[in-house]
Amino acid sequence: MCRQSQRLSFLLIVCAASHILATDLPPEIQKCKVGDHPCITERINEIIRLYPKGNSMYALPDFSLVKLNKVTAAKKSSNSPVQLNFFLSNLEVRGVDKLKVLSSKGFVKDIQRVEVDFTVPLLKINALYELDGKLLLLPIKGKGDVEITFRDAHYVVTLDDELENRQGKNYIKIKKLAVIVEPKDTTFKFENLFDGNKELTDATNKVLTDSWEDVWNELGKDVNKAFSDAVHLLLTPIMNAISYDDYFAD
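Residues numbered from 1 in each chain as written. Predicted model: local features only at pLDDT ≥ 70, side-chain atom pairs only at ≥ 80, totals over all residues. Heavy atoms only, no water.

Filter applied, for reference: UniProt positions are given in the numbering used here, feature names are shortened, and annotations may be inferred rather than shown by experiment.
As annotated in an unreviewed UniProt entry, the protein chain carries the name Circadian clock-controlled protein and comes from Glossina palpalis gambiensis. Per UniProt, the protein chain carries the Sequence similarities (unreviewed entry) text "Belongs to the TO family."

Right, here's the structure in full:
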């Protein structure tokens, strides 16, 4: 009985390993030819539409809820209207499942650099925050919950890649990843500013929202870095699970 149990366990492990090594695109996703970027763009949109909450069998993450540990941003230039230090933790990002890819390029046989452009109608970030500094020369400080909303933002993801051969198949290895975000509108809703003074909190949130372009111009670089980390987190399991050879029809 013990030997039979060991054999069964061994067979189960072999079957599981074989399935992992044979992981391919979902069968309902029609493959494109390598370099056919209009088709590839369409397929990326189709995958997100069919699997908004992910699919563990194909290492697809939950696009509807992306979690990040922290984001730190700072700007204290003396000639800037925005002089803030803020720290976000326990971030929950919602809305990625509604993204629409506009174009893609770089998915060629000898992949080196990939660029994907997409938009998200409404991206909402909920987090805990710590904030201090000055806004339009007015001191600002607080700690608590925050909700930041990006509307109709345009995103450009650029990846510098190389292929890594594993057991006879090529897998994408990310060397460098960058995300550039261009929001059309941003809303800030910090709670508990000024030790919970509601009037000052509401007034400050209005000023931050009305001046969102100034805030973004000063802090956007750090936020872009956070988005880059998030995209890296989303893509790495997929690239480790599915070989680049299996992406395409040829």
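**With respect to the nonpolar core**
As a reminder of what qualifies: Remark: nonpolar core denotes a set of buried residues (Ala, Val, Leu, Ile, Met, Phe, Trp, Tyr, Cys) joined through side-chain atoms within 4.5 Å. The buried label goes to any residue with under 20% of its type's maximum accessible area, the exposed label to any with over 50%, and the partly exposed label to all in between, with areas taken from a 1.4 Å probe on protein chains only. Starting at the N terminus, helices and strands are each numbered in turn, a helix being any DSSP run of H or I of at least four residues and a strand any DSSP run of E of at least two. A contact between two residues is defined here by any heavy atoms of the two lying within 4.5 Å.
By size, the foremost hydrophobic cluster in this structure holds 71 residues, and its most contacted members are L88, F150, Y155 and F227. Elements with a contribution of two residues or more to this core: α2 (37-50), β1 (66-75), β2 (82-94), β4 (113-135), β5 (138-166), β6 (169-182), β7 (185-190) and α4 (212-241). Element by element, the count of residues in this core is highest for α4, at 13 residues. If we skip the residues at most four places from it in the chain, F227 touches L123, I125, F150, Y155, V179 and V181.

**Concerning the environment of I242**
As for its position among the elements, I242 is in the segment after α4. Under the relative-accessibility criterion, I242 is labelled buried at 3%. With 70 residues separating them in the primary sequence, I242 and I172 have C-alpha atoms 9.0 Å apart.

**Topic: the state of the cysteines**
Basically, it comes down to this: Note on disulfides: each one is a pair of cysteine sulfur atoms within 2.5 Å.
For the structure shown, the criterion picks out 1 disulfide. Between the sulfur of C32 and that of C39 lies a disulfide, 2.0 Å long from S to S. A torsion of -80° about the S-S bond marks the disulfide between C32 and C39 as left-handed. For the pair shown, C32 and C39 are each scored as buried.

**Observations regarding the environment of W216**
With respect to the secondary-structure elements, W216 resides in helix α4. Among all residues touching W216, those that are not within four sequence positions of it are F150, V181, P183, V223 and N224.

**As for unusual backbone geometry**
For N90, which is not glycine, the phi torsion reads 50° and is therefore positive. Along the chain, N90 turns up in strand β2. If you check the backbone angles, Q167 has positive phi at about 50° while not being a glycine.

**So, the pattern of salt bridges**
Using the following cut-off: In the sections that follow, a salt bridge refers to a side-chain nitrogen of Lys or Arg positioned within 4 Å of a carboxyl oxygen of Asp or Glu.
Overall, the coordinates contain 13 salt bridges when judged by the stated rule. Residue D229 is joined to K225 by a salt bridge in which the shortest nitrogen-to-oxygen separation is 3.0 Å. Here the residue D229 and the residue K225 both occupy positions in helix α4, the gap between them amounting to 4 residues, near one helical turn. Using a relative accessible area of 39% as the deciding quantity, one classes D229 as partly exposed. Through salt bridges with shared partners, a single ionic network connects E42, R43 and E46.

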